[in-house]
Amino acid sequence: MTHRVGYAPGVYDLFHVGHLNILRHARSQCDYLVAGVVSDEMAVQAKGKSPVIPLSERLEIVRSVRFVDAAFVETVPDKLETWQQVRFDVIFKGDDWRGTEKGSRLERDFATVGVEVIYFPYTVHTSSTLLRKALDGLAASA
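Values in this document were obtained by computation on a predicted structure and should not be read as measured data.

Conventions used here
- Along each chain, numbering runs from 1 in the same order as the chain's sequence is written.
- Given that the model is predicted, a residue must reach a pLDDT of at least 70 before its local features are reported, and side-chain atom pairs must reach 80 or more before they are shown or counted; all residues, however, enter totals for whole chains, interfaces and linings.
- No hydrogens and no water enter the side-chain calculation; it runs on all heavy atoms of the structure.
- Throughout, nonpolar core names a set of buried Ala, Val, Leu, Ile, Met, Phe, Trp, Tyr and Cys residues whose side chains join them through atoms within 4.5 Å.
- The rule is simple: take the accessible area with a 1.4 Å probe, protein chains only, and divide by the maximum for that residue type; under 20% is buried, over 50% is exposed, in between is partly exposed.
- Whether two residues touch is decided by their heavy atoms; if any such pair falls within 4.5 Å, the residues are in contact.
- Each patch groups residues whose relative accessible area exceeds 30% and which form no salt bridge, using 9 Å between like charges and 5 Å between nonpolar side chains of Val, Leu, Ile, Met, Phe, Trp and Tyr.
- Residue burial considers only the protein chains on display, and all accessible areas are found by Shrake-Rupley using a 1.4 Å probe.
- The rule for a salt bridge is simple: a side-chain nitrogen of Lys or Arg has to be within 4 Å of a carboxyl oxygen of Asp or Glu.
- None of His or the chain ends enter the tally, which takes Lys and Arg as positive and Asp and Glu as negative.
- Working definition for charges: the position is that of NZ of Lys, CZ of Arg, CG of Asp or CD of Glu.
- Runs of E in the DSSP output that reach at least two residues are strands. Runs of H or I that reach at least four are helices, and both are numbered from the N terminus.
- A pair of strands counts as paired when DSSP detects no fewer than two bridges linking them.
- Planes of paired rings set the category: under 30 degrees apart is stacked, over 60 is edge-to-face and the rest tilted, where pairs are Phe, Tyr or Trp rings (Trp by its six-membered ring) whose centres lie within 6.5 Å.
- For a ring to carry a charge above it, either NZ of a lysine or CZ of an arginine must fall within 6 Å of the ring centroid while also lying within 35 degrees of the normal to the ring plane.
- Note on handedness: a clockwise path from strand one over the helix to strand two, with the strands aimed away from the viewer, defines a right-handed crossover.
- Angles here are taken between N-to-C directions and fall from 0 to 180 degrees, while the axes themselves are lines fitted to C-alpha atoms, restricted in helices to the stretch in contact.
- Here a polar contact means two N or O atoms within 3.5 Å. Within protein one must be a hydrogen donor candidate and the other an acceptor candidate, and residues neighboring in sequence count only if both atoms are side-chain atoms.

**Some details on the nonpolar core**
Most often, soluble globular proteins keep nonpolar side chains buried together rather than apart.
Inference 1: Ranked by internal contacts, the top residues of the largest apolar core, which has 19 residues, are Ala8, Tyr12, Leu23, Leu33, Val62, Val68 and Phe92.
Inference 2: Each residue touching Val62, except ones within four places of it in the same chain, is listed here: Tyr12, Phe15, Ala35, Val37, Val68 and Ala71.
Inference 3: If you look at the next biggest cluster of nonpolar residues, it comprises 13 residues, including Tyr7, Trp83, Val115 and Tyr119.

**Considering a positive patch on the surface**
Inference 1: There is a patch of like positive charges on the surface, built from Lys47, Lys49, Lys102 and Lys133.
Inference 2: Tracing the backbone shows Lys47 in helix H2 (residues 40-47).

**Quick notes on the pairing of strand E4 (residues 90-94)**
The side chains of a regular strand alternate, residue by residue, between the two faces of the sheet.
Inference 1: Counting buried positions along E4 yields five of five residues, so the element is predominantly enclosed.
Inference 2: The two faces of E4 match: Val90, Phe92 and Gly94 on one face and Ile91 and Lys93 on the other face are all buried.
Inference 3: The pairing of strand E1 (residues 5-10) with E4 spans two bridges and is parallel. Across the sheet, Gly6 pairs through a bridge with Val90, a residue of E4.

**What to know about the packing of aromatic side chains**
Inference 1: A complete count under the given rule lists five aromatic pairs for this structure.
Inference 2: Here Tyr7 and Phe72 contribute two aromatic rings whose centre-to-centre distance is 6.5 Å and whose plane-to-plane angle is 70°, an arrangement assigned as edge-to-face. Here Tyr7, found in strand E1, pairs with Phe72, found in strand E3 (residues 70-74); they are 65 residues apart in sequence, far enough to count as distant.
Inference 3: Each residue in the set Tyr7, Phe72, Phe88 and Phe110 is aromatic and connected to the rest through ring pairs, giving one cluster.
Inference 4: In this structure, Arg87 is placed above the aromatic ring of Trp83, and the distance from its NZ or CZ to the ring centre is 4.1 Å.

**Let's talk about the pairing of strand E2 (residues 32-38)**
Inference 1: E2 sits mainly inside the fold: six of its seven residues count as buried.
Inference 2: The sheet contact formed by E1 and E2 spans six bridges and is parallel. Bridge assignment links Gly10 to a residue of E2, and that residue is Val37.
Inference 3: Each parallel crossover has a hand, and for E1 linked through helix H1 (residues 17-27) to E2 it is right-handed.
Inference 4: Two elements, E2 and E3, share five bridges in a ladder whose sense is parallel. Residue pairing for E3: Gly36 is matched across the bridge by Phe72.

**What to know about the sheet that holds E1**
Inference 1: Spatially, E3-E2-E1-E4-E5 is the arrangement adopted by the five strands of the open sheet, whose pairing is parallel. At either end of the open sheet lies a strand with only one pairing partner, and these are E3 and strand E5 (116-120). Averaged over all pairs of adjacent strands, the angle between their axes in this sheet comes to 30°, without regard to strand direction.
Inference 2: In this fold H1 packs onto E1, E2, E4 and E5, with an angle of close to 150° to the strand it touches most, E2.
Inference 3: Seen against the sheet, helix H3 (residues 55-63) touches E2 and E3 and runs at an angle of roughly 160° to E2.

**Observations concerning the side chain of Glu74**
Inference 1: Topologically, Glu74 is positioned in strand E3.
Inference 2: The class for Glu74 is buried, based on a relative accessible area of 1%.
Inference 3: For Glu74, the side chain forms a polar contact with the side chain of Lys79, separated by 2.4 Å.
Inference 4: With sequence-adjacent residues up to four places away left out, Glu74 is seen in contact with Tyr7, Pro9, Gly36, Val37, Val38, Ser39, Met42, Lys79 and Thr82.

Right under this line is the structure:
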């Protein structure tokens, strides 16, 4: 019997139902789920802005989700390097990555080590970006 380890990376800033959906769906596809919480520095590198919620708090929130067996701070941009540290069998991403250059690269890279890439529906009506814009709007009018 195989023990399938899954990995669900994300910034997990302004934690919302989309994050919860990814973690719930991911856990249903593996025996043990590791959530990769992207460091503040990596978030700035990837998205051009710092998270609103500090890393220690994002890590605590994600660790507390019942679908998550372990949380790992992701500090390198290369997912294969992360794989060498965590050793997962499957990686989960939102389907906004499917068919993109970064998604194709992820699939190619992980095919070399036998890791499956599974995409889940992206929650379009709720995102950290939308929440951040709403907060910025509230702050501007205050």
